[in-house]
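Listed here are the chains, written in short residue letters.
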Amino acid sequence: MKVRKELWFGFVIMALIAIPVLVFTPWTNLTNGHLGLLMLALIVIAIMLGFPTAFTLMGMGVFFAWLAYRSVDPSKAVAQTLDLFVQRSFGVMANDVLIAIPLFVFMGYLVERAALIDRLFKSLHLALARVPGSLAVATIVTCAIFATATGIVGAVVTLMGLLAFPAMLRAGYNIQISAGSITAGGCLGILIPPSVLLIVYGATAGVSVVQLYAGAFFPGFMLATLYIGYVIVLAKWRPDLMPPLGAAERQVALPDYSKTLSAGGSNALAGLFRAVTGNAQVPKGTVLNQLFISLLPALALGAILALTYYSATAPAEKAETVLQEVGGATAEQEDEASVDTGGLAAPADEEEKPEPLGAAKSADEPKPAEAAKPAPAVEAAKQAPATSAADAGPAERLPVPTWYWIMFGIFAAVVALLAWMWTWERLEVFKMLLGSFFPLALLILMVLGSIVFGLSTPTEAAAVGAFGGCVLALVYRFLAHRQAAAAGEARGSVAWTTAKELGVIIRESSFLTAKTSAMVCWLFVGSGIFSAAFALLGGQEVVEHWVLSLGLTPLQFMILAQFIIFILGWPLEWTEIIVIFMPIFIPLLPKFGIDPLFFGLLVALNLQTAFLSPPVAMAAFYLKGVSPPHVTLNQIFAGMMPFMGIQVIALILLYMFPQIGLWLPSVVYGR
Amino acid sequence: MQKLLLSVDKLSTWIGQFFSWLIVGLTLSITWEVFSRYALDHPHDWMFDAMLQMYGTLFMMAGAYTLAKNGHVRGDVLYSFFRPRTQASWDLLLYIVFFLPGTIALTYAGYFYASDSWMIREHSSVTSDGPPIYQFKAVIPLAGAILLVQGIVEIIRCIICIREGDWPSREADVQEVDVDKLKEMVHVKDEDIQKLDALVVKQEHAK
């Protein structure tokens, strides 16, 4: 039989695992510990054969658990194995960490189907038009936002392959860079919370998901920034790879009233003020509306400043005990979410615009956010009962810290800069962003914020997020239908069509959610019995003994562990790596004094590479599926390589400066 | 034969899809609970148990559905490069070696686990006066049994595939990445992609 080329790769890996195991196993005096290691080698080989992993784990776990019990007392072995298995399975069913998975997955499917990605990409593309490599940058930003909200790599890469890839190719972008930015950007959702990977890691390693989310935020952000930085530098250095956009591509269509008003000058803010005071040919209502939208950034920044002032100068007594200190930090950081508390106490020295705070915020936060708003706001009010005492009189307030004035200065400068740059085109772009980028970003921030600042559990936040996703889907579908109706294409009433479509979306999303959660959670059912068998056989002790006997330094151990995970990422998927191999690494961490939280962040960053490394690079295949026939897989792989390099750099950076990941958890949870 | 296989598929699918609606219930009930706790100051003790039961039932009952749609994650280093006949032979062997013992053990042990709980009308001990939990434990043998039936169907499929050299068909279902639907969503047509190909060829020639 002629073996195909692709198969060789797999067979070679298999042989690399099987041969050392066969050679080094002391067959004559086989202890239970050796059986455990044998089991581990067998599972890797069995997984590579392609049988559903959950059942491979189940079958093997049951068999080896039985072997372990039999070596102690053969007469009870069967009953004990069955007991262990069913208890482990029930443990997965009643796991209060894993319950967040179906909810986040559901939210992802709903957001995916909300049909907002094309608006998102288009508005970001126009907003970033002047940046070098603007289309690639817009692609990465769109991917990061959308992938964070959905978490479905395949869908994000496919959609961006349909939207951004043609746009980049038409603009004369290099194929490899276009492909690389789509695939790398699409995988960001795995790392940036709320991600399912971190829940799975948290459930496996017994690390708080909340802290993982807080920790993964900045590394994810850093990785996205590195990608963008790379693209910008490359575009500056080699403009032939990413030519700047032509004037036609950057053109923003202006509505009639702005065309009329722009005759008076290019600055929209000045023009609008003139139109309000003087008599223009444009209705006053429209002008006021536009003026209000133009002032939104200033109003939002003002609100943040007011809230920061309010919490920074809050009386000191609430910071007496550790518990309250957490609450204090919460109130301080949570300025964006807990508007209502702050609105009551807008400080007097906020001359700029003290009164419209409430109005600014309610307009600034779109509908999905409102659904989630009561929770954080009321909770914040509860958490800081001492703060309300501050309303009594400003005399009790602390002096304003210096950093506040620095922040004030920066914000004022930003507002001034915005006002100066506020052209009519920018106003239109801002309105587009307001309709696409901000709702999604706010949904993510609400979900994340309420989790990280302890206002709700991940489960609750996920449920509210799913609800928000549903509202997003409703709103965007409604808008699309109304547009179609305005163009005279629609049949029947807009509301009815939207309702019908929403029904289909929810139905499909819940079916998909059932399948995805079954896939992940049955894996846990299998790994429950499998890791129990591994522990029963004493495989853990053998591994521990062996690793300790190597006399590694923590640094060496860390590099070794990350290297093993990196290599495993080639043939295996992240679910399998975490569920099967983390239980082996985690008990070793205390021996080397490594924080499991920090380790988890490194693993999450590391597993990003698993999506981009051939041959199981899902992202590449999804992109290939929707790209023009002459784009080859090799070109896509070649495009992904620089981004993989950036991932490794990010990994090294995170290792060298653990504060990137650990700073936020330490501030919020006092770790 | 094919008819029988498909009707078992349909049964598993129907059960899985029926229970998949729990995710809607879960979302709504938790959202309401959050609202009720923070806004109305009226939390419910039994909510914690209720949401766990919804989640547990959801994924356990969807196990057979996922198997019927070939949705359980596979290590895909070699598998997709195998000929269908090779795939089926390995699958058949591993269904017998891994799947059957595991699932039978789960169903058998689950039955006694649930019946013990059922006999004493066990209630949850998470909160005092917790909700009943015995019906939740009964999910284990039920889900195991459906999974077992679906597994036997899959085994028959393997045998058919070995004899005929090709996999028997399955019924279509919603796909996670349904390229045609996504194309429609962002208004991209196949002709556009074809047109784009000319650009790609041009760039290749320019080098």
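Rules of the game
- Residues numbered from 1 in each chain as written.
- Chains lettered and ligands numbered in written order.
- Predicted model: local features only at pLDDT ≥ 70, side-chain atom pairs only at ≥ 80, totals over all residues.
- Heavy atoms only, no water.
- Helix = DSSP H or I, 4+ residues; strand = E, 2+ residues; numbered from the N terminus.
- Rg over C-alpha atoms; globule rule 2.2 N^0.38 Å.
- Buried < 20%, exposed > 50% of the residue type's maximum accessible area, 1.4 Å probe, protein only.
- Areas by Shrake-Rupley, 256 points an atom, 1.4 Å probe, with all protein chains shown as cover.
- Lys, Arg positive; Asp, Glu negative; His and termini not counted.
- Charge placed at Lys NZ, Arg CZ, Asp CG, Glu CD.
- Phe/Tyr/Trp six-rings, centres within 6.5 Å; stacked < 30°, edge-to-face > 60°.
- Lys NZ or Arg CZ within 6 Å of the ring centre and 35° of its normal.
- Contact = heavy atoms within 4.5 Å.
- Bend = angle between axes of the 7 residues up to and from the residue.
- Salt bridge = Lys/Arg side-chain N within 4 Å of Asp/Glu carboxyl O.

Novice: Quick rundown of the overall build of chain B? Include the residues and the values.
Specialist: In terms of regular secondary structure, chain B is built from 8 helices and 0 strands. Put simply, chain B runs from its N terminus to its C terminus through helices and strands in the order α-α-α-α-α-α-α-α. Against the compact-globule benchmark of 17 Å for 207 residues, chain B has a radius of gyration of 23 Å, which places it well outside the compact range. Along the three orthogonal principal directions, the C-alpha set of chain B runs to about 75 × 50 × 30 Å. When each of the 207 residues of chain B is scored for burial, the buried share is 51%. Total accessible area computed for chain B in this model is approximately 10,300 Å², and 64% of it derives from carbon and sulfur atoms. Taken together, the 18 basic and 24 acidic charged side chains of chain B have centroids lying 8 Å from each other.

Novice: An account of the overall build of chain A is needed here, citing residue identities and associated values.
Specialist: Broken down by element type, chain A carries 34 helices and 0 strands. Out of the 671 residues in chain A, the part that is buried amounts to 58%. Counting every atom, chain A has about 26,300 Å² of accessible surface; 67% of that belongs to carbon and sulfur.

Novice: I'd like a description of the packing of aromatic side chains, backed by residues and values.
Specialist: Scanning the entire structure with this criterion turns up 29 aromatic pairs over all chains. When the ring of Phe621(A) is compared with that of Phe637(A), the centres are 6.4 Å apart and the planes differ by 85°; the resulting orientation is edge-to-face. With Phe621(A) in helix 32 (residues 618-626) and Phe637(A) in helix 33 (residues 633-656), the pair connects residues that are 16 residues apart, well separated along the chain. Judged by its relative accessible area of 40%, Phe621(A) is partly exposed. A residue is classified by how much of its surface remains accessible, and Phe637(A), at 13% relative accessible area, is buried. Three or more aromatic residues link up through ring pairs in this structure, and these residues are Phe51(A), Phe55(A), Trp522(A), Tyr95(B) and Phe99(B). For the cation-ring pair, Arg121(B) lies above Tyr134(B), with the distance from its terminal atom to the ring centre recorded as 5.2 Å. The ring of Phe90(A) has Lys137(B) sitting right over it, with the charged end atom 5.1 Å from the ring centre.

Novice: Talk me through the environment of Leu651(A); I want residue IDs and the actual numbers.
Specialist: Residues and elements named next belong to chain A. Mapped onto the elements of the fold, leucine 651 is located in helix 33. The exposure class assigned to leucine 651 is buried, which follows from its relative accessible area of 15%. Residues leucine 651 and glycine 189, spaced 462 residues apart in sequence, show a C-alpha to C-alpha distance of 17 Å. Apart from the residues lying within four places of it in its own chain, the contact partners of leucine 651 are Leu602, Leu605 and Asn606.

Novice: Any chance you could break down the side chain of Glu508(A) for me, citing the residues and the numbers?
Specialist: Residue placement: Glu508(A) occurs in helix 26 (residues 494-536). Setting aside chain neighbours within four positions, we find Glu508(A) in contact with Arg113(A), Val174(B) and Lys181(B).

Novice: Report on helix 4 (residues 84-119) of chain B, specifying residues and quantitative values.
Specialist: Of all the bends in helix 4 of chain B, the largest measures some 45° and sits at Tyr95(B). In the stretch just after helix 4 of chain B, Arg121(B) is the one whose phi turns positive, near 50°.

Novice: Could you give an account of the environment of Leu245(A), naming the residues involved and the relevant values?
Specialist: Residue and element names in this part refer to chain A. Topologically, leucine 245 is positioned in the loop between helix 12 (209-237) and helix 13 (247-250). Relative accessible area serves as the criterion here: at 7%, leucine 245 is assigned to the buried category. Between the C-alpha atoms of leucine 245 and cysteine 187, which are 58 residues apart in sequence, the distance is 26 Å.

Novice: Give a detailed account of the pattern of salt bridges, specifying residues and quantitative values.
Specialist: Across all of its chains, the model carries 10 salt bridges over all chains by this definition. For Asp240(A), the salt bridge is made with Arg238(A), and the minimal N-O distance between the two is 3.2 Å. The exposure class assigned to Asp240(A) is exposed, which follows from its relative accessible area of 51%. A salt bridge links Arg157(B) to Asp9(B), with the nearest nitrogen and oxygen atoms 2.6 Å apart. One end of the pair, Arg157(B), is in helix 6 (residues 139-164); the other, Asp9(B), is in helix 1 (residues 2-20), and 148 residues separate them in sequence. Its relative accessible area of 0% is what places Arg157(B) among the buried residues. Residue Asp9(B) is classed as buried on the basis of its relative accessible area, which comes to 3%. When salt bridges with common partners are traced through the structure, they connect Glu460(A), Glu33(B) and Arg37(B) into a single cluster.

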